[in-house]
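Structural overview
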Amino acid sequence: TFMRVVLSLLEMSEIEKRIEAAGARADPSGLRDRALAELLYGGGFRVSELVDLPLKAAPKPDQKHMIILGKGAKERDQATDAPGSRSFTSLRNASP
């Protein structure tokens, strides 16, 4: 799976450091960056899928998966993880 490949390239501590660094700023952009990093590493999203993801379509806390527009403009079912969903909830709450 995706996480096995990532874990074979990076130690879990390295992944956690990258996620923490992404969310280091205490402003909406820090919240956004942390949420994107958590979905990228934890959810296996492609960078292009995250960049094109509108905030209103981001996962909700109780959502286990979502339909996204993937490669070749094809819909795909993507699992979401709890930390990524919580980070997007924090971002939604902080956004005007």
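Heads up: the structure comes first, above all this text.
The rules behind these values
- Residues numbered from 1 in each chain as written.
- Predicted model: local features only at pLDDT ≥ 70, side-chain atom pairs only at ≥ 80, totals over all residues.
- Heavy atoms only, no water.
- Helix = DSSP H or I, 4+ residues; strand = E, 2+ residues; numbered from the N terminus.
- Buried < 20%, exposed > 50% of the residue type's maximum accessible area, 1.4 Å probe, protein only.
- Contact = heavy atoms within 4.5 Å.
- Areas by Shrake-Rupley, 256 points an atom, 1.4 Å probe, with all protein chains shown as cover.
- Arc of directions from axis to C-beta.
- Expected span 1.5 Å × (residues − 1).
- Core = buried A, V, L, I, M, F, W, Y, C linked by side-chain atoms within 4.5 Å.
- Pairing = 2+ DSSP bridges.

Examining the overall build of the protein
- A tally of helices and strands in the protein yields 5 helices and 2 strands.
- When the helices and strands of the protein are listed from N to C terminus, the series reads α-α-α-α-β-β-α.
- In the protein, which comprises 96 residues, the proportion classed as buried is 31%.
- For the protein, the proportion of contacts with a sequence separation of at least 24, taken over those separated by at least 6, is 49%.
- As displayed, the protein has an accessible area near 6,200 Å², and 58% of this comes from carbon and sulfur atoms.

Topic: helix α2 (residues 12-22)
- Listing the buried residues of α2 in full gives Ile-15, Ile-19 and Ala-22. Burial along α2 is one-sided: seen end-on, the buried residues are contained in an arc of 60°. Exposed and oriented more than 90 degrees from the buried face of α2 are Lys-17 and Ala-21.

Examining helix α3 (residues 28-43)
- Taking 1.5 Å per residue, 16 residues should reach 22 Å; α3 reaches 21 Å between its end C-alpha atoms and fits that length.
- Along α3, the positions that sit buried rather than exposed are Gly-30, Ala-35, Ala-37, Glu-38, Leu-39, Tyr-41 and Gly-43.
- Just downstream of α3 lies Gly-44, where phi reads positive at about 75°.

A look at the nonpolar core
- Ala-35, Leu-39, Phe-45, Leu-50, Leu-53, Met-66, Ile-68, Phe-88 and Leu-91 form the largest nonpolar core, which has 9 residues in total.
- Secondary structure elements with two or more residues in this core: α3, β1 (65-69) and α5 (82-94).
- Ile-15, Ile-19, Ala-22 and Ala-37 belong to the second largest nonpolar core, which has 6 residues in total.

Looking at the side chain of Glu-49
- For Glu-49, the position within the fold is in helix α4 (residues 47-51).
- Glu-49 sits in the buried class, given a relative accessible area of 5%.
- The residues contacting Glu-49, other than those within four sequence positions of it, are Ile-68, Leu-69, Gly-70, Lys-71 and Arg-76.

Some details on the pairing of strand β2 (residues 75-79)
- Bridge count between β1 and β2: 5 bridges; the pairing is antiparallel. Across the sheet, His-65 pairs through a bridge with Ala-79, a residue of β2.

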